[in-house]
Amino acid sequence: MAVIGLVWLFATATLTYAAGEKLATPAKAPLAVATPRPTLVVPDIRGQAFVFAKGILEDGGFAWRVQGSVQGYSTNVVSSQQPAAGTRVADTGAPTLTLTMHRGTYAQEGTPQNTSPYAGTSIVLAKSASARAKAPAMRKTVPRAKTAVKPATKRPTRRARPPAFVLAGAPKEPLNEIPLTVRARRLSNWLTPSRRPTAANQRYWLYQHAWIVTGAKFGWWHGAAALRVLINVDHRVQSQWGLGVRSESVARGALAAAEASGK
């Protein structure tokens, strides 16, 4: 009986120690895996009219601010940019480019836009490829037999857009953008009776307005027709939002100039 009692005490002590060790040993926390941020490539907008440069930056996910004595009027031209074109930056939300401008050929009309309509974020340069960890070696694969590849068919070229008139020094219409008439009709469809005059909606209307007016002044394809649609939009803006008189006046002046130049 004494021997059995000693065995029982020894077994109980061993189990108690083992349980204590299990509870006292902290569980290993999983290692955090750092996921790299996606990168953006800074576009080259030097020499672009500001109305077009803004669209390029917005499409690329960038914000901007204008510095210097020349402000961000639609017809002014981008002289320099920071960071430089081709720089790879981390996608921090809306990396902010700093632009300097010079006066364009045309008059500075409307209100300058020296900052993007949304909040910008800081510029963080992307890490170079040499600083990244080396990728694990890939297993060798047995090459497959080559199969005949059909020759790629040529994509149809974009429809030509002959200018309404030729203006010395005016940039050519970018064929990767929708025509002015399509832009004006989309703006007309966008302005529904329920559309409220929020700050974002007003900025959108003014941006499209500046693009159409500027393109028509440059003599782009069917600019006069686009201006007629735009004037109708401006009239509806006045009825719905109680503003837009000056914008309609600018559009009517551009229409008169386009019609006179197209004769």
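Digging into the pattern of salt bridges
Here comes step 1: The full count for this structure, using the stated rule, is five salt bridges.
Here comes step 2: The shortest N-O distance in the salt bridge between R228 and E259 comes to 2.9 Å. Separated by 31 residues along the polypeptide, R228 in helix α5 (residues 223–241) and E259 in helix α6 (residues 245–262) bring together distant segments of the chain.
Here comes step 3: Judged by relative accessible area, which is 46%, R228 ranks as partly exposed.
Here comes step 4: By relative accessible area, E259 is classed as partly exposed at 32%.

A closer look at the sheet that holds strand β3 (residues 77–82)
Here comes step 1: Ordered by their spatial adjacency, three strands build an open sheet running β2-β5-β3, and the pairing between neighbours is mixed. Each edge of the sheet is formed by a strand with only one pairing partner; in this case those strands are β2 (63–67) and β3. Adjacent strand axes in the sheet meet at a mean angle of 35°, parallel and antiparallel pairs treated alike.
Here comes step 2: Pairing analysis gives five bridges linking β3 to strand β5 (residues 96–102), with the strands arranged antiparallel. Bridge pairing links Q81 to L99 in β5.
Here comes step 3: Against the sheet, helix α2 (residues 50–60) makes contact with β2, β3 and β5, and its axis sits at roughly 145° relative to β2, the strand it touches most.

Regarding empty space enclosed by the protein
A water-sized probe, rolled over the atoms, reveals where empty space remains.
Here comes step 1: Counted under the stated rule, the structure contains one cavity of 30 Å³ or more.
Here comes step 2: Taken as a whole, the largest cavity encloses approximately 30 Å³ of empty space.
Here comes step 3: Of the residues contributing to the lining of the largest cavity, the split by class is five nonpolar, no polar and three charged.

Points about the confidence of the model for the protein chain
Here comes step 1: The predicted model of the protein chain averages 80 in pLDDT, with 74% of residues at 70 or higher.
Here comes step 2: Per-element confidence in the protein chain ranges from a low mean pLDDT of 47 for helix α1 (residues 2–24) to a high of 96 for β5.
Here comes step 3: Segment residues 6–11: pLDDT under 50, and zero contacts once partners within four positions in sequence are set aside and those in other chains are kept.
Here comes step 4: Taken as a whole, residues 13–24 scores under 50 in pLDDT and shows zero contacts with residues more than four places along the chain or in a different chain.

As for helix α3 (residues 180–190)
Here comes step 1: If you check which residues of α3 are buried, you get L180, T181, R183, A184, L187, S188 and W190.
Here comes step 2: Turning to α3, the residues buried within the fold contact α4 (199–217) and α5.

Examining the packing of α4 against α6
Here comes step 1: α6 packs onto α4 with a crossing angle of 15° between their chain directions and a minimal axis gap of 9 Å. Regarding the angle of α4 to α6, the classification is roughly parallel. The element α4 and its partner α6 pack so that their crossing is left-handed. On α6, the residues that touch W205, L206, H209, V213, A216 and K217 of α4 are S247, V250, A251, A254 and A258.
Here comes step 2: Taken together, the residues of the contact of α4 with α6 sort by class into eight nonpolar, two polar and one charged.

A short note on the pairing of β5
Here comes step 1: Of all seven residues making up β5, six are buried, and the element is well covered by its neighbours.
Here comes step 2: With five bridges connecting them, β2 and β5 associate as parallel partners. Residue pairing in the sheet places A63 in a bridge with T96 of β5.

Quick word on α4
Here comes step 1: The end-to-end C-alpha distance of α4 is 27 Å, a good match for the 27 Å that 19 residues give at a rise of 1.5 Å each.
Here comes step 2: If you check which residues of α4 are buried, you get N201, W205, Y207, Q208, H209, A210, W211, I212, V213, T214, G215 and A216.
Here comes step 3: In this structure, the buried residues of α4 make contact with α2, α3, α5 and α6.
Here comes step 4: Positive backbone phi, approximately 85°, marks G219, located one or two places after α4.

About the cut-offs
- Within any chain, residue numbers begin from 1 and follow the written order of that chain's sequence.
- Since the coordinates come from a predicted model, pLDDT governs what is reported: local features require at least 70, and pairs of side-chain atoms require 80 or more to be given and counted, while whole-chain, interface and lining totals use all residues.
- To obtain the side-chain values, all non-hydrogen atoms of the structure were used and water was disregarded.
- Here, a salt bridge means any side-chain nitrogen of Lys or Arg that lies within 4 Å of a carboxyl oxygen of Asp or Glu.
- Helix and strand assignments come from DSSP, with helices taken as H or I runs of at least 4 residues and strands as E runs of at least 2, each series counted from the N terminus.
- Each residue gets one of three labels from its accessible area relative to the maximum for its type: buried under 20%, exposed over 50%, partly exposed in between, using a 1.4 Å probe on protein chains only.
- Any two strands with at least two DSSP-identified bridges between them are counted as paired.
- Every angle, taken between N-to-C directions, lies between 0 and 180 degrees, and every axis is a line fitted to C-alpha atoms, over only the stretch in contact when it is a helix.
- What makes two residues a contact is simply this: any of their non-hydrogen atoms within 4.5 Å.
- Put simply, the grid is 1 Å and covers the protein atoms alone, a cavity is a trapped set of points that fit a 1.4 Å probe, a pocket is an open set with protein on both sides within 12 Å along at least five of seven lines, and lining residues have an atom within 4 Å of a point.
- Grid points are joined across faces, edges and corners, and a volume is the space filled by probe spheres set on the points.
- Under the scheme applied here, ten amino acids are nonpolar (Ala, Val, Leu, Ile, Met, Phe, Trp, Tyr, Cys and Pro), four are charged (Asp, Glu, Lys and Arg), and all others, including Gly, are polar.
- As a per-residue quantity, pLDDT reports the predictor's confidence and falls between 0 and 100.
- Here the angle decides the label: under 35 degrees means roughly parallel, over 145 means roughly antiparallel, 65 to 115 means roughly perpendicular, and every other value means oblique.
- Rotating anticlockwise by less than a right angle from the far helix to the near helix defines a left-handed crossing, while the corresponding clockwise rotation defines a right-handed one.
- Working rule for helices: expected span equals 1.5 Å times residues minus one.

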